[in-house]
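Understanding the architecture of this molecule
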Amino acid sequence: MAPGRRLKRVVASQPGFINLKSTSDPGSGRRKRVNKNKKKSWNKHSDINDVDAFLEDVRHQERTTGGLLSEKSDDSLFFLDIGQPKKPEPKVAEPVEGKKRKGKTSRPLRIDLILQHDSLIQPPKDVLAYQQPNAKKLRRIGQKAEQLAAKGVVPRRQKQLLNRRPVNRTAKKAVTEANNNPDRDYYDIWGQESKDQGDSWYLQQTGKKLVKRPEKLNEKPSVLPAVEVIAPGGSYNPDFFSHQALLQEAHKVEVKRQKEEDKIERQLAVNREDTATEETILREQVEGLVEEENEEEAPPNEEEEDVAVGAISLADKKTERQRKKERADKIKAQRRLANRRHNDQRQQLFQLRSIKASIKQQDQKTMDKQTQRKANEEAQKAQPRRLGKLKFQAQDMEVQLSDELAGSLRQLKPEGSVLKDRFKSLQKRNLIEPRERAKFKRRLKLKYVEKRAFREIT
Amino acid sequence: MGGLQKKKYERGSATNYITRNKARKKLQLSLPDFRRLCILKGIYPHEPKHKKKVNKGSTAARTFYLLKDIRFLLHEPIVRKFRDYKVFVRKLKKAYGKTEYSDVERLRENKPSYKLDHIIKERYPTFIDALRDIDDSLCMCFLFSTFARTGKCHVQTIQLCRRLTVEWMNFVITSRALRKVFISIKGIYYQAEVMGQLITWLVPYQFSHDHPTDVDYRVMATFTELYTTLLGFINFRLYHSLNLLYPPKVSLSLTKLSALSSSLARVVSTAEEEEAELDQFPDEGEDIEKLEAREKEQKQLEAQKKLFDGLKFFLNREVPRESLAFVIRCFGGEVSWDKSVCIGSTYEVTDETITHHIVDRPNVDKQYINRYYIQPQWVYDCVNAKIVLPVEDYFLGVTLPPHLSPFVEEKDGDYVPPEKLKIMALQRGEKPAHGQEDEEEEEDEEEGEDEEEEDDNEEEEDDEEEADEKSLKKMEEQRSKVKVTPGKMKVENPARLEEEEKAEEKRLAIMMMKKKEKYLYDKIMFGKKRKVREANKLAAKRKAHDDAEKSKKKKKTRK
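Computed from a predicted structure; not experimentally measured.

To continue, consider the overall build of chain B. For chain B, the helix and strand inventory stands at 21 helices and nine strands. Taken over 559 residues, chain B has a buried fraction of 42%. In chain B, 59% of the contacts between residues at least 6 apart in sequence involve partners at least 24 apart. When the accessible area of chain B is evaluated, it comes to approximately 34,400 Å², of which 51% is carbon and sulfur surface.

On the surface, Leu 282, Val 286, Leu 289 and Val 290 of chain A cluster together into a nonpolar patch covering about 360 Å² of accessible area. Tracing the backbone shows Val 286 of chain A in helix H10 (residues 278-286).

Moving on, we come to the pattern of salt bridges. All names here are of chain B. For the structure on display, the rule yields 34 salt bridges over all chains. Ionic pairing is found between Asp 33 and Arg 36, a salt bridge with its closest N-O pair at 3.6 Å. With a gap of three residues between them, Asp 33 and Arg 36 both fall in helix H3 (residues 31-41), about one helical turn apart. Residue Asp 33 is classed as buried on the basis of its relative accessible area of 13%. When the shortest N-O distance is used, the salt bridge between Asp 338 and Arg 317 registers 2.8 Å.

A few words on a positive patch on the surface. Residues Lys 173 of chain A together with Arg 80, Lys 81, Arg 83, Lys 86, Arg 90, Lys 91, Lys 94 and Lys 98 of chain B make up a contiguous surface patch of positive charge. Take the positive patch: its biggest share by element is seven residues, from helix H6 (residues 78-97) of chain B. Examined against the element boundaries, Lys 94 of chain B turns out to sit in helix H6.

Bringing the sheet that holds strand E5 (residues 197-204) of chain B into the picture now. Residue and element names in this part refer to chain B. Pairing is antiparallel across the open sheet formed by three strands, whose spatial order is E3-E4-E5. Two strands lie at the open edges of the sheet, namely strand E3 (178-183) and E5, each paired on one side alone. Direction aside, neighbouring strands of the sheet carry axes that sit 15° apart on average. Inspection of the sheet shows strand E4 (residues 187-194) paired to E5 by eight bridges, in the antiparallel sense. Bridge assignment links Gln 191 to a residue of E5, and that residue is Thr 200.

Contact residues are listed per partner, giving 71 residues for chain A and 106 residues for chain B. Both faces considered, chain A and chain B share a buried interface measuring about 7,800 Å² in area, 64% of it formed by carbon and sulfur atoms. Looking only at chain A, the three residues that lose the most surface to chain B are Tyr 186, Trp 190 and Leu 419 of chain A, adding up to 12% of its buried area. On the surface where chain A and chain B come into contact, there are 13 salt bridges. A salt bridge links Lys 186 of chain B to Glu 398 of chain A; the shortest N-O distance between them is 3.5 Å. When the residues that make up the side of chain A that touches chain B are grouped by side-chain class, the tally is 33 nonpolar, 13 polar and 25 charged.

This next bit is on the environment of Pro 414 of chain A. Residues and elements named next belong to chain A. On the secondary structure map, Pro 414 appears in the loop between helix H13 (352-382) and helix H14 (418-428). Taking relative accessible area as the criterion, Pro 414 reaches 18% and is therefore assigned buried. Along the chain, Pro 414 and Tyr 236 lie 178 residues apart, while their C-alpha atoms are 8.8 Å from each other.

Next up on the list: the sheet that holds strand E8 (residues 356-358) of chain B. Residue and element names in this part refer to chain B. Spatial ordering of the open sheet is given by E7-E6-E8-E9, a layout of four strands whose pairing is parallel. Strands with a single pairing partner mark the edges of an open sheet, and in this sheet they are strand E7 (334-337) and strand E9 (372-374). For this sheet, the mean angle separating the axes of adjacent strands, direction not counted, is 25°. Judged from the three bridges that link them, strand E6 (residues 312-315) and E8 form a sheet pairing that is parallel. From the neighbouring strand, Phe 313 faces E8, where its bridge partner is His 356.

Our next topic: the confidence of the model for chain B. Residue and element names in this part refer to chain B. For chain B, per-residue confidence averages 83 on the pLDDT scale, and residues scoring 70 or more make up 82% of the total. Element-level pLDDT for chain B is lowest in helix H18 (residues 438-449), with a mean of 41, against a maximum mean of 95 in H6. Within the model, pLDDT remains below 50 along residues 269-275, and this stretch shows zero contacts once partners closer than five positions in the same chain are excluded. In the predicted structure, residues 433-463 sits below a pLDDT of 50 and forms 34 contacts with residues beyond four places in sequence or in another chain. Reported confidence for the predicted complex is 0.75 by ipTM and 0.67 by pTM.

Let's shift gears to the nonpolar core. Grouped burial of nonpolar side chains is what soluble globular proteins tend to show. All names here are of chain B. Counting residues in each nonpolar core, the largest one holds 125 residues, and the members touching the most others are Trp 168, Leu 178, Trp 201, Phe 308, Phe 326 and Trp 378. A per-element tally of this core places helix H12 (residues 217-241) first, with twelve residues. Filtering out sequence-adjacent residues up to four positions away, Trp 168 remains in contact with Ile 134, Leu 138, Phe 142, Val 194, Ile 199, Trp 201, Asn 235 and Leu 238.

In this section: the packing of helix H2 (residues 20-27) of chain B against H3 of chain B. Residues and elements named next belong to chain B. Their axes nearest at 10 Å, the elements H2 and H3 cross at an angle of 95°. Accordingly, the angle class assigned to the pair H2 and H3 is roughly perpendicular. Within the contact between the two elements, H2 uses Arg 20, Ala 23, Arg 24 and Leu 27 and H3 uses Leu 31, Phe 34, Arg 35 and Leu 37. Of the residues assigned to the contact of H2 with H3, the class counts are five nonpolar, no polar and three charged.

Before going further, it helps to examine the side chain of Thr 229 of chain B. Tracing the backbone through its elements, the reader meets Thr 229 of chain B in helix H12. In this structure the side chain of Thr 229 of chain B is engaged in a polar contact, spanning 2.7 Å, whose partner is the backbone oxygen of Glu 225 of chain B. Dropping the residues within four chain positions of it, Thr 229 of chain B is found in contact with Arg 184 and Tyr 186 of chain A together with Leu 116, Asp 117 and Ile 120 of chain B.

The next thing to look at is the pairing of E6 of chain B. All names here are of chain B. Of the two faces of E6, both are covered, the one formed by Lys 312 and Phe 314 as well as the one formed by Phe 313 and Leu 315. Examined bridge by bridge, E6 and E7 share four bridges and lie parallel to one another. Across the sheet, the residue bridging to Lys 312 is Glu 334, located in E7. Read from E6 through helix H15 (residues 321-330) to E7, the crossover connection turns out right-handed.

Calculation criteria
Residues numbered from 1 in each chain as written. Chains lettered and ligands numbered in written order. Predicted model: local features only at pLDDT ≥ 70, side-chain atom pairs only at ≥ 80, totals over all residues. Heavy atoms only, no water. Helix = DSSP H or I, 4+ residues; strand = E, 2+ residues; numbered from the N terminus. Buried < 20%, exposed > 50% of the residue type's maximum accessible area, 1.4 Å probe, protein only. Contact = heavy atoms within 4.5 Å. Areas by Shrake-Rupley, 256 points an atom, 1.4 Å probe, with all protein chains shown as cover. Patch = residues over 30% accessible without salt bridge, like charges linked within 9 Å, V, L, I, M, F, W, Y side chains within 5 Å. Salt bridge = Lys/Arg side-chain N within 4 Å of Asp/Glu carboxyl O. Lys, Arg positive; Asp, Glu negative; His and termini not counted. Charge placed at Lys NZ, Arg CZ, Asp CG, Glu CD. Pairing = 2+ DSSP bridges. Axes fitted to C-alpha atoms, helices over the stretch in contact; angles between N-to-C directions. Buried area = accessible area lost by both parts, 1.4 Å probe. Nonpolar A, V, L, I, M, F, W, Y, C, P; charged D, E, K, R; others polar. pLDDT = per-residue confidence, 0-100. Core = buried A, V, L, I, M, F, W, Y, C linked by side-chain atoms within 4.5 Å. Parallel < 35°, antiparallel > 145°, perpendicular 65-115°, else oblique. Polar contact = N/O pair within 3.5 Å; in protein donor to acceptor, adjacent residues only side chain to side chain. Right-handed = clockwise from strand over helix to strand, strands pointing away.

Listed below in structure tokens is the structure:
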């Protein structure tokens, strides 16, 4: 750092400032002797401002004009003023890219101008960028290769490269083998006879043989057909009566739903008179607080308690007589019963006809019940089974009201979604269980914190 | 006593069932994987008869599977693939987390995948078994092919479904297997007969797209995975049964095939030989009547298959092109459309040989003379009626007759809508008189259709009485002018005679019944008559309704 450039920290030592100790005395010209041999003291005590100014001037000239003014030619510095030059020809309208400015040419942006180099000196070259550590070696290799190529010799590496076979870029294995590849191949799966690959025991033990499918799995889980055609009233241009029939069914479903809602509402209904009024509230609150009534009631209660509660008498031991009597009674009763039974059996002979009739009736009843039960079972088979937590919800009937019916195929607005229909059909046929969407459950509870700003306000 | 006491819930139904969670743990799979495996293998939960026993005393609602089924699942090789996939996902996540993208690439290339071929072979050991279950797979594949390719479900699945459905439709066209079509508000129902199996499937409309949120897409995707495999194999087999090349070779790609306008290439292009009609001998146990009935049916079927033979159709822009092209080509007709709608149009609108032009607008700008301009319902109604219906009812601007469902079988005495009666009459060959009121016709035909014996008898008796009166009058007139004229031969209608004989026999048999049997018979007849009475009531209502409509129309026109 040039000493002239260093900012003179001490104000007193800056030029123009009169020293505190002014040496106005010319006689005392004794200045302190400074040793300028060391760098430090030389830096401190020498003044190179004039050199600095000269060098600044030189640099300034080079920056602004690209060289020393003294070295420039006369023509570049001066010109002869002859007078008004001719007006230049009107410029051809250049096609301006971007914005059109009428008459004005577009000026460059200020930031672009600021960022440009404003001195005429070229920025220094980055030598390191041009350095290559093994430039000589590479040059030698290049020269050798040229020589060989000129001679016609092909080096071994190149020969191997040329002989290599081109790469077969096949489609990705994962894509071709995927199940839903649109170009996948099919073959005759039922036509090929099973090839005997080996011993069945061996195949079974090594896991190559497929286990036989149990017979029960081949039964269909439901008797319903896969595709149920909609009733004739569901046509896009239906016949009057079939459409009415379909509307009637939809109406029935709606009526049922309405009935259920009404039932619930009825159960929840409260009698108007039962609602609490102010009087009743007051009475409740005051109950038991008024003392006069209490005293009157107390004495009658005490009288009632004295009434004998129970007349439980202990039993005396049984005497012999009593026991004998009991035994005789028992025997009599038994005999009577036996007699009765005997008589009944004999009388049944005469009741054969009515007995037959009653048996027939019972048989008829059991048969009726059996048929009924069978019919119920059959009906049950057509119903969807309860396979899980949720019950099967049948979808809404697809019906178009009379004013929604389209006159032509072009104006038809389709009703219902086939996707949903298929999904419900799968559920109805017991192939999948009805499920609802899984809810998002948080393991840890969320914590809400007010922002600091709001906490101060509230 | 030792430990020989029987403990509860150790035997019987309690040990035959296993809950879903226990089964999942036994297989060591996560819940979605377990569900996917069950769907692929065809293992469904069961509802036990006595839930309390199986649930060991509690009545909580649980999902039960049969223990033997789960034990069968343990041997399934794709269970291993599921576990591999789980490991793959874990490794992939780790590589992503460490931002080692070369590892990600490598893992992705070696993604584990499984094949379902052995499952198909196991679940459907014969081809006919698979054909019986094709309804579901067709519906699913058609549904998925109408999905938008947004990426919600794999786009390859949608493409594969589209390819399979197009192949199926082309097969049905080539084999002329379509029998019934029904346009409903939900979608279009088709029924085809392939190798003796009746197959019904539902195709949704192309423009209806609301994706409901309460449908489990993963489950549907798993089902589709299984069904696409199944349908692919079935297509292969069906194509080979008709000696067609599979995968179908059309000059351009799938789009040209999906235009449904070109026919499929055959494996060996042989000249079509005319098979000599073989003499048919009755099988054991079949009488000649049945044989004749069968022959008649076959002839009808043959005639039905060539319904639109020789007819040339042109579809306007606003009609559903794919559905109509499919139906028309299934019955032998030629069809084309405007070039800008879809590729594969064979002739232009200016072609002179077009016989029917299908339009759905109220009016058309330019009308060519030698072609009929009809609404699309005509095609579908013709297919359902199995004959070519008169075109007048389907002209532009005419209120169409209702589109009846071909899937409804009317029993005796049920209400038959008058349109259907007209069609049945046409089928029998009677032509409705032009210019007459339709209602009068319908009434007459209705009365004729009543298969109630007594009504017929009454009618006959009425007719006879009237005839008697008339003849009496005539005789009186003729007495004044007595002449001898050559006798006219009474043309005895043999059919009528037969009917009369049968009626007589029936009456005699009724008279000879025992009291009890007669009682039952009366009950049955009462029930039948009730139906007929209801049908008559409905018909009267319909007539009143139509009258009201007509009077309304007249008022309108007068105004």
